[in-house]
Amino acid sequence: MNAADLAGSAQSAGAAGLAGPAPSVILRAVVLTDRGLRRDSNEDAAYAGQRLIVLADGVGGLPGGEVASQIAVETLSGLDRQLPSGQGALDALQAAVEVARARIGEASVSDPSLTGMSTTLTGMLMVADRITMVHIGDSRAYLLRGGVLGQLTRDDSYVQMLIDEGAITPEQARVHPQRSLVSQVLQDHPARPAYTVLRPDPGDRFLLCSDGLSDVVEDGQIGFTLRTVPDRDECARELVRLALDGGGPDNITVVVADVYAAANGDAAVIDDAAPPSTVFAAEDPPTGETPIAV
């Protein structure tokens, strides 16, 4: 199923300005990252707040991937506190992505060793009763609704292009020697992220993940885990465990987020709820897991 099948009211984000009345739904999320079994460092970064979840995977093989992913996540995290005056969710998200791109460029200029650094970026910003999503690269967003899992994002990758052309199957893409090649990332050059607006329903479960999970664990197993492990912390741990059991060839980061109906007063006290959580590459312990719940 595609995003429109699952989200029902999913739409292109062309003219969505979504600031408005108090929400009837709220978001709760957990972040978990692991360096994996074959990497010397962790280039992933992620954030989970009350209105924003975001994940970035620094592009491996290039300098400064962990710096680029941290810049992207830190820049977007400001939207969790408030939107710029006069901006709706889409405008604010687009502006923040452009600021992140500019900061990546500035960091590259100030430190030539970081020239060429880049990152994937997948994030969701909930304002009122809508989620505005941004995506670039091959990290992924999934939605579990009514027990059915669907991928909300399209990979910006070489193997996805081959799949679209009918040259290979998704199963063949998993073992393709060039499966790690990305066709579009966030860097100092202009890019065209995809923006989508979704209407979340109580009971929805969203997953953001780096390719350390999706390249190793099949969608069927991901969906089964999201469906059968209701506790967010346990679910995140199980997803990371599956990737490690599959060889853990890359950094693994997941954000598991649940949508609930807002009870009376939830909108008024949302800023007093549990503080947001961020994981960066530098915080990944030598032995692996960093669970953080919101």
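Keep in mind that what you see is a predicted model, and the values were worked out from it rather than measured.

Undergrad: If you had to explain the overall build of the protein chain to someone new, which residues and values would you point to?
TA: Tallying secondary structure elements over the protein chain gives nine helices and 13 strands in all. Classification of the 294 residues of the protein chain by burial places 54% in the buried group. Taking the contacts inside the protein chain whose residues are at least 6 apart along the sequence as the reference set, 73% of them involve residues at least 24 apart.

Undergrad: Describe the packing of helix α2 (residues 65-77) against helix α3 (residues 89-110), with residues and values.
TA: How two helices pack is summed up by the angle between their axes together with the distance between the axes. At their nearest, the axes of α2 and α3 sit 9 Å apart, and the two run at 145 degrees to each other. In this structure, α2 crosses over α3, and the sense of that crossing is right-handed. In contact with Ala68, Ile71, Ala72, Thr75 and Leu76 of α2, α3 contributes Leu93, Ala96, Val97, Val99, Ala100, Arg103, Ile104 and Ala107. Tallied by class, residues from the contact of α2 with α3 come to 11 nonpolar, one polar and one charged.

Undergrad: Before we move on, could you go through the environment of Val216 and cite the residues and values that matter?
TA: Take Val216: it is sitting in the loop between α6 (211-214) and α7 (219-228). In this structure Val216 comes out as partly exposed when scored by relative accessible area, which is 24%. Sequence spacing of Val216 and Gly248 is 32 residues, and the spatial spacing of their C-alpha atoms is 7.7 Å. Residue contacts for Val216: discarding those within four places in its chain leaves Arg174, Asp211, Ala243, Gly246 and Pro249.

Undergrad: Outline α7, supporting the account with residue identities and numerical values.
TA: Among all positions of α7, only Ile222, Gly223, Thr225 and Leu226 are buried. In an axial view of α7, the angular spread of the buried residues amounts to 160 degrees, which keeps them on one side of the axis.

Undergrad: I'd like a rundown of the pattern of salt bridges, residues and numbers included.
TA: Summed over the entire model, instances satisfying the criterion amount to 11 salt bridges. Taking the shortest distance from any N to any O, the salt bridge between Asp155 and Arg140 comes out at 2.7 Å. Of this pair, Asp155 sits in the loop between β8 (148-151) and α4 (158-164) while Arg140 sits in strand β7 (residues 140-145), placing them 15 residues apart in sequence. The class for Arg140 is buried, based on a relative accessible area of 12%. In this structure, Asp245 engages Arg241 in a salt bridge whose closest nitrogen and oxygen atoms are separated by 2.3 Å.

Undergrad: So what about the nonpolar core? Which residues, and what values?
TA: In terms of nonpolar packing, the biggest core is built from 32 residues, with Leu76, Leu121 and Leu186 touching the most fellow members. Sorting the residues of this core by element identifies β3 (44-48), β4 (52-57), α2, α3, β5 (121-127) and β6 (130-136) as the ones contributing at least two each. Of the residues forming this core, the biggest block, nine residues, is contributed by α3. If near-sequence neighbours (up to four positions away) are discounted, Leu76 is found in contact with Leu52, Val54, Leu93, Ala96, Val97, Ala100, Leu121 and Val134.

Undergrad: An account of the pairing of β8 is requested, with residue identities and associated values reported.
TA: Moving residue by residue along a regular strand, the side chains alternate between the two faces of the sheet. Judged from the four bridges that link them, β7 and β8 form a sheet pairing that is antiparallel. Across the sheet, the residue bridging to Tyr142 is Gln151, located in β8. Remark: two residues form the turn of the hairpin made by β7 and β8, two consecutive strands paired antiparallel; Gly146 in that turn has positive phi of roughly 60 degrees.

Undergrad: I'd love a proper account of the side chain of Asp250, names of residues and values included.
TA: Relative to the helices and strands, Asp250 resides in the loop between α8 (232-245) and β11 (252-261). Among the polar contacts listed, one links the side chain of Asp250 to the side chain of Arg39, at a separation of 3.2 Å. Not counting residues within four places of it along the chain, the set of residues in contact with Asp250 comprises Arg35, Gly36, Arg39, Asp211 and Gly212.

Undergrad: Go over the environment of Ile136, please, and point to the residues and values.
TA: For Ile136, the location among the structural elements is in strand β6. When neighbours within four sequence positions are excluded, Ile136 is seen to be in contact with Thr120, Leu121, Asp156, Gln184, Val185, Leu186, Ala191 and Pro193.

Undergrad: I'd love a proper account of the environment of Pro84, names of residues and values included.
TA: In this fold, Pro84 is placed in the loop between α2 and α3. Sequence-wise, Pro84 and Ala95 are 11 residues apart; in three dimensions their C-alpha atoms are separated by 9.6 Å.

Undergrad: Report on the packing of α7 against α8, specifying residues and quantitative values.
TA: The contact between α7 and α8 brings their axes to 9 Å, and the two run at 155 degrees. Overall, the two elements α7 and α8 adopt an arrangement that is roughly antiparallel. By crossing handedness, the relation of α7 to α8 is classed as right-handed. Contact residues: α7 offers Gln221, Ile222, Thr225 and Leu226, while α8 offers Cys235, Glu238, Leu239 and Leu242. Per-class residue counts for the contact of α7 with α8 are five nonpolar, two polar and one charged.

Undergrad: Just give me the short version of α3, but keep the residues and values in it.
TA: Helix length check: α3 (22 residues) gives 31 Å between terminal C-alpha atoms against 32 Å at 1.5 Å per residue, within 8%. The set of residues buried in α3 consists of Ala89, Leu90, Ala92, Leu93, Ala96, Val97, Ala100, Arg101, Ile104, Gly105, Ala107 and Ser108. In this structure, the buried residues of α3 make contact with α2, β5, β6 and β9 (194-198).

Undergrad: Before we move on, could you go through the confidence of the model for the protein chain and cite the residues and values that matter?
TA: On average, residues of the protein chain score 86 in pLDDT, and 83% of them are at 70 or above. Counted against residues more than four places away or in other chains, residues 267-272, with its pLDDT under 50, gives five contacts. Counted against residues more than four places away or in other chains, residues 282-294, with its pLDDT under 50, gives 44 contacts.

The rules we used
- Residues numbered from 1 in each chain as written.
- Predicted model: local features only at pLDDT ≥ 70, side-chain atom pairs only at ≥ 80, totals over all residues.
- Heavy atoms only, no water.
- Helix = DSSP H or I, 4+ residues; strand = E, 2+ residues; numbered from the N terminus.
- Buried < 20%, exposed > 50% of the residue type's maximum accessible area, 1.4 Å probe, protein only.
- Contact = heavy atoms within 4.5 Å.
- Axes fitted to C-alpha atoms, helices over the stretch in contact; angles between N-to-C directions.
- Left-handed = near helix turned anticlockwise from the far one by under 90°.
- Nonpolar A, V, L, I, M, F, W, Y, C, P; charged D, E, K, R; others polar.
- Arc of directions from axis to C-beta.
- Salt bridge = Lys/Arg side-chain N within 4 Å of Asp/Glu carboxyl O.
- Core = buried A, V, L, I, M, F, W, Y, C linked by side-chain atoms within 4.5 Å.
- Pairing = 2+ DSSP bridges.
- Polar contact = N/O pair within 3.5 Å; in protein donor to acceptor, adjacent residues only side chain to side chain.
- Parallel < 35°, antiparallel > 145°, perpendicular 65-115°, else oblique.
- Expected span 1.5 Å × (residues − 1).
- pLDDT = per-residue confidence, 0-100.

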